[in-house]
Amino acid sequence: MNTVRRSPDLPRAAMADLLARHGESAGSLTERGFSESDAEALRAAAVRMADVLAETDTDKAAQALNVLLAEHCAPPYLSRHDGHPWHLHVDRGEKAGWDEWFLASSALALARILSEYGRVTWGECAAANCSTFYLGTGPGSARRYCSAACASRERVAAHRRRARGRS
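Residues numbered from 1 in each chain as written. Predicted model: local features only at pLDDT ≥ 70, side-chain atom pairs only at ≥ 80, totals over all residues. Heavy atoms only, no water.

S.K.: Please clarify how the layout of surface pockets should be interpreted in this entry.
M.R.: Sizing a probe to match a water molecule and rolling it over the atoms shows the empty space that remains. Reported here for the largest pocket is a volume of approximately 1,500 Å³. Lining of the largest pocket is provided by 42 residues; of these, Leu19, Glu24, Trp101, Phe102 and Ser105 occupy positions nearest its centre. Looking at the lining of the largest pocket, the elements with two or more residues in it are α1 (2–6), α2 (12–21), α3 (36–53), β1 (77–79), β2 (87–89), α5 (98–117) and β4 (133–135). Broken down by element, the lining of the largest pocket gets its largest block of residues, 8 residues, from α5. Taken together, the residues of the lining of the largest pocket break down into 22 nonpolar, 15 polar and 5 charged. (1 Å grid on protein atoms, 1.4 Å probe; cavity = no way out; pocket = protein on both sides within 12 Å on 5 of 7 lines; lining within 4 Å. Points joined across faces, edges and corners; volume = space filled by probe spheres on them. Helix = DSSP H or I, 4+ residues; strand = E, 2+ residues; numbered from the N terminus. Nonpolar A, V, L, I, M, F, W, Y, C, P; charged D, E, K, R; others polar.)

Written out as structure tokens, the structure reads:
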């Protein structure tokens, strides 16, 4: 989703490469298995999921996830395909498009995180000039940055601003 957000017109072939790097089989990503219209629908799904990840209010995030779960999920089932071990699916199986698979599986993952931690643990990086979304799944205080590099840059910038203010 971050890739699509940075490059809204990401070509179908680049999206297929991205999906392959995240475990999708090459056979599923041919032009027939992952068409230009599939890529366009997946781009739109990424934009829709970005709205959920940008939500900081837990109740509003839960409501948004419930809408996605109602619209895109089927009863859960176990699946083992393409050399992967058994895992849970909530999409509509072979009838599901790439967009529906993305929205259903993403909504389920975020719903599990929200229910486990009781709060939104994801968000948009607070660093200047960075809009990367992150998933915070560890205990402790809420994250604000997508990476240690962004957090460090912000701390250094704040330190320099304070030092200039004392001069």
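Picking up after the structure, the text goes on.
S.K.: Teacher, can you tell me more about the environment of Leu69 here?
M.R.: With respect to the helices and strands, Leu69 occurs in helix α4 (residues 58–72). On the accessibility criterion, Leu69 (22% relative accessible area) is partly exposed. Linking Leu69 and Gly136, residues 67 residues apart in sequence, is a C-alpha distance of 21 Å. If near-sequence neighbours (up to four positions away) are discounted, Leu69 is found in contact with Ala107, Leu108 and Ala111. (Buried < 20%, exposed > 50% of the residue type's maximum accessible area, 1.4 Å probe, protein only. Contact = heavy atoms within 4.5 Å.)

S.K.: Could you clarify how one ought to interpret the environment of Met15 in this entry?
M.R.: By the secondary structure assignment, Met15 is in helix α2. On the basis of relative accessibility, which here comes to 3%, the residue Met15 falls in the buried class. A C-alpha to C-alpha distance of 12 Å links Met15 and Ala46, two positions 31 residues apart in sequence. Setting aside chain neighbours within four positions, we find Met15 in contact with Val4, Leu10, Phe34, Ala39, Leu42 and Arg43.

Shape descriptors only; they carry no functional weight alone.
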